[in-house]
Amino acid sequence: MARISVDTGRCIGSAQCVLAAPDVFDQDDDGFVTVLDDNPSGEAEATARTARGICPAQAITVHD
């Protein structure tokens with residue numbers, strides 16, 4: 001199982017993570033990333049890894 005963390009200071013609010021992994025990520029009222037599930041497994045873990053790869057700010061870390 002992976003652990004997800006985000007650097008909200010790096011987030012630019014592009015919402016690519018939300019589009020890629022809506023069960024794992026959301027946006028706060030200011031449009032910045034929030035983590036809904038910081039220990040995803042199965043398909044949610046796979047989509048979180050995809051989100052990490054497409055984040056233009058590289059604000060997502062997936063810890064194994």
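Residues numbered from 1 in each chain as written. Predicted model: local features only at pLDDT ≥ 70, side-chain atom pairs only at ≥ 80, totals over all residues. Heavy atoms only, no water.

Focus: the environment of valine 6
Rule in force here: Helical segments are the DSSP runs of H or I of at least four residues, strand segments are the runs of E of at least two, and each set is numbered from the N terminus. We call two residues contacting when some pair of their heavy atoms lies within 4.5 Å.
Along the chain, the position of valine 6 falls in strand E1 (residues 3-6). With near-sequence residues (within four places) excluded, valine 6 lies in contact with Phe25, Val33, Val35, Ala59 and Ile60.

A short note on the pairing of strand E4 (residues 60-63)
Applicable threshold: Exposed residues in this analysis have more than 50% of their type's maximum accessible area, buried residues have under 20%, and partly exposed residues fall in between, with area computed by a 1.4 Å probe over protein chains only. Strand pairing is assigned whenever DSSP detects at least two bridges linking the two strands.
Burial along E4 is one-sided: Ile60 and Val62 are buried, while Thr61 and His63, pointing the other way, are not. Pairing geometry for E1 and E4, over 4 bridges, is antiparallel. Note on E4: the bridge partner recorded for isoleucine 4 is valine 62.

Here's the deal with the environment of alanine 51
Residue position: alanine 51 is located in helix H2 (residues 43-54). Taking relative accessible area as the criterion, alanine 51 reaches 0% and is therefore assigned buried. Between the alpha carbons of alanine 51 and glutamine 16 there is a distance of 6.7 Å; along the sequence they are 35 residues apart. Those residues within four positions of alanine 51 in sequence are excluded, and the remaining contacts are Cys17, Ala20, Ala21, Phe25 and Ile60.

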